[in-house]
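Letter by letter, the chains look like this.
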Amino acid sequence: TMQCDEVIWQVINQQFCSFKVSTSVQNFCRNEHNVTGLCNRQSCPLANSQYATIMEDNGQCVLYIKTIERAHSPANLWEKITLSKNYATCFPEWSAFCLVSTHSSLS
């Protein structure tokens, strides 16, 4: 999948991306899942098969995880995990996910 990610990035970066906004100084990304708002390889949700972001949905924090096994179905590509409204419990939920996903990607 890393090779596919690189091919996707080359096409997006050198040819066309409907989310890219170019200025004389910097390229920006309008994709709602982009964490930084910058158009670069590391923060591109399209060119990364492993990607996650936290967004607000109807006043609730939701962890969106790109699940590559669902790539054949773009409408279901993002797994949604609703996080607790309480920051004290929300942060450990998110941290636990990061720890598990980092561990599984290393093994």
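Residues numbered from 1 in each chain as written. Predicted model: local features only at pLDDT ≥ 70, side-chain atom pairs only at ≥ 80, totals over all residues. Heavy atoms only, no water.

1. Looking at the environment of cysteine 44
For cysteine 44, the position within the fold is in the loop between β2 (27-29) and β3 (52-57). As a C-alpha pair, cysteine 44 and tryptophan 9 span 35 residues in sequence and 8.1 Å in three-dimensional space. In this view, cysteine 44 contacts Trp9, Ile12, Asn34 and Tyr51; residues no more than four positions away in its chain are not counted. (Helix = DSSP H or I, 4+ residues; strand = E, 2+ residues; numbered from the N terminus. Contact = heavy atoms within 4.5 Å.)

2. Some thoughts on the nonpolar core
In this structure, Trp9, Ile12, Cys17, Cys29, Cys39, Cys44 and Ala47 together form the largest nonpolar core, which totals seven residues. Not counting chain neighbours up to four residues away, the residues in contact with isoleucine 12 comprise Cys17, Lys20, Cys44 and Leu46. (Core = buried A, V, L, I, M, F, W, Y, C linked by side-chain atoms within 4.5 Å. Buried < 20%, exposed > 50% of the residue type's maximum accessible area, 1.4 Å probe, protein only.)

3. Thoughts on the pairing of strand β4 (residues 60-66)
Extensive coverage of β4 is indicated by the burial of six of its seven residues. Relative to β4, β3 is paired through six bridges, and the arrangement is antiparallel. Residue pairing for β4: alanine 52 is matched across the bridge by isoleucine 65. A loop of two residues connects β3 with β4, the two strands running antiparallel in sequence, and asparagine 58 in this loop sits at a positive phi of about 55°. Of the pairings in the sheet, the one linking β4 to strand β5 (residues 78-82) comprises five bridges and is antiparallel in character. (Pairing = 2+ DSSP bridges.)

4. Thoughts on the pattern of salt bridges
For the structure on display, the rule yields one salt bridge. Residues glutamate 6 and arginine 41 are paired through a salt bridge, measuring 3.3 Å at the closest nitrogen-oxygen approach. On the criterion of sequence distance, the pair formed by glutamate 6 in helix α1 (residues 2-14) and arginine 41 in the loop between β2 and β3 is long-range, its members being 35 residues apart. We classify arginine 41 as buried; its relative accessible area is 14%. (Salt bridge = Lys/Arg side-chain N within 4 Å of Asp/Glu carboxyl O.)

Worth remembering: the numbers are spatial, not functional.
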